[in-house]
Amino acid sequence: MIFGVTPLLSVIRNFLKVSSFCALFLCLDRPRYSWKRTWMYYGAYILAQTAIGTAWVLLDAESYAAGSTTVLFVESAVFSFLMSSDTSFSACTISAGRFTFCFLCCLRDWPLHGFF
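Overview of the structure.

How each quantity is defined
Residues numbered from 1 in each chain as written. Predicted model: local features only at pLDDT ≥ 70, side-chain atom pairs only at ≥ 80, totals over all residues. Heavy atoms only, no water. Phe/Tyr/Trp six-rings, centres within 6.5 Å; stacked < 30°, edge-to-face > 60°. Buried < 20%, exposed > 50% of the residue type's maximum accessible area, 1.4 Å probe, protein only. Helix = DSSP H or I, 4+ residues; strand = E, 2+ residues; numbered from the N terminus. Expected span 1.5 Å × (residues − 1). Bend = angle between axes of the 7 residues up to and from the residue. Contact = heavy atoms within 4.5 Å. Core = buried A, V, L, I, M, F, W, Y, C linked by side-chain atoms within 4.5 Å.

1. Description of the packing of aromatic side chains
Piece 1. Taken as a whole and judged by the stated rule, the model has 3 aromatic pairs.
Piece 2. The interplanar angle of 65° and the centroid separation of 5.4 Å between the aromatic rings of Tyr33 and Tyr41 together place this pair among those described as edge-to-face.
Piece 3. Taking the relative accessible area as the measure of exposure, Tyr33 reaches 30% and is therefore partly exposed.
Piece 4. Plain terms: the ring middles of Tyr45 and Phe79 are 4.2 Å apart, the flat faces sit at 5° to each other, and that makes the pair stacked. Residue Tyr45 is found in helix α2 (residues 35–59), and its partner Phe79 is found in helix α3 (residues 61–83); the two are separated by 34 residues along the sequence.
Piece 5. A residue is classified by how much of its surface remains accessible, and Tyr45, at 9% relative accessible area, is buried.

2. Some thoughts on α3
Piece 1. Compared with an ideal rise of 1.5 Å per residue, which puts 23 residues at 33 Å, α3 spans 31 Å between its outermost C-alpha atoms and is within 8% of the ideal.
Piece 2. Bending of α3 peaks at approximately 55° at the position of Gly67.
Piece 3. Of the positions making up α3, those classed as buried are Ala61, Tyr64, Gly67, Ser68, Thr69, Leu72, Phe73, Ser76, Ala77, Phe79, Ser80 and Met83.

3. Here's the deal with α2
Piece 1. The terminal C-alpha atoms of α2, which comprises 25 residues, lie 36 Å apart, in line with the 36 Å expected from a rise of 1.5 Å per residue.
Piece 2. Among the residues making up α2, those that are buried are Thr38, Tyr42, Tyr45, Ile46, Gln49, Thr50, Gly53, Thr54 and Val57.
Piece 3. The elements touched by buried residues of α2 are α1 (7–28) and α3.

4. With respect to the nonpolar core
Piece 1. In terms of nonpolar packing, the biggest core is built from 12 residues, these being Val18, Phe21, Cys22, Phe25, Leu26, Tyr42, Tyr45, Ile46, Leu72, Phe73, Phe79 and Met83.
Piece 2. Of all the elements in the fold, those that place two or more residues in this core are α1, α2 and α3.
Piece 3. Counting residues per element, this core draws most heavily on α1, which supplies 5 residues.

Worth remembering: the numbers are spatial, not functional.
And the structure:
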């Protein structure tokens, strides 16, 4: 157990991180498919990313801490482009907002977080 990360805490953290990214994009986007189908795709994506993130943190917590937010952003940006019915410019604008959210999450995890 590195960094005091238990498997249950890892599952909860990964689920909240992925679902908040998806919820933010879904609130700002017009989905390509029907709402029922869109919710099914987003649910499957959230569960898959939660499982992958949990396995990653249990196998190598140090590399997870270093790169999880960046990997999550890139993967969710690709998924969001595939799910969006908006133009690529609109999807890029929403992804820029998500990148800002990602940057703020990185600052929260920054070792010198007491200074910010």
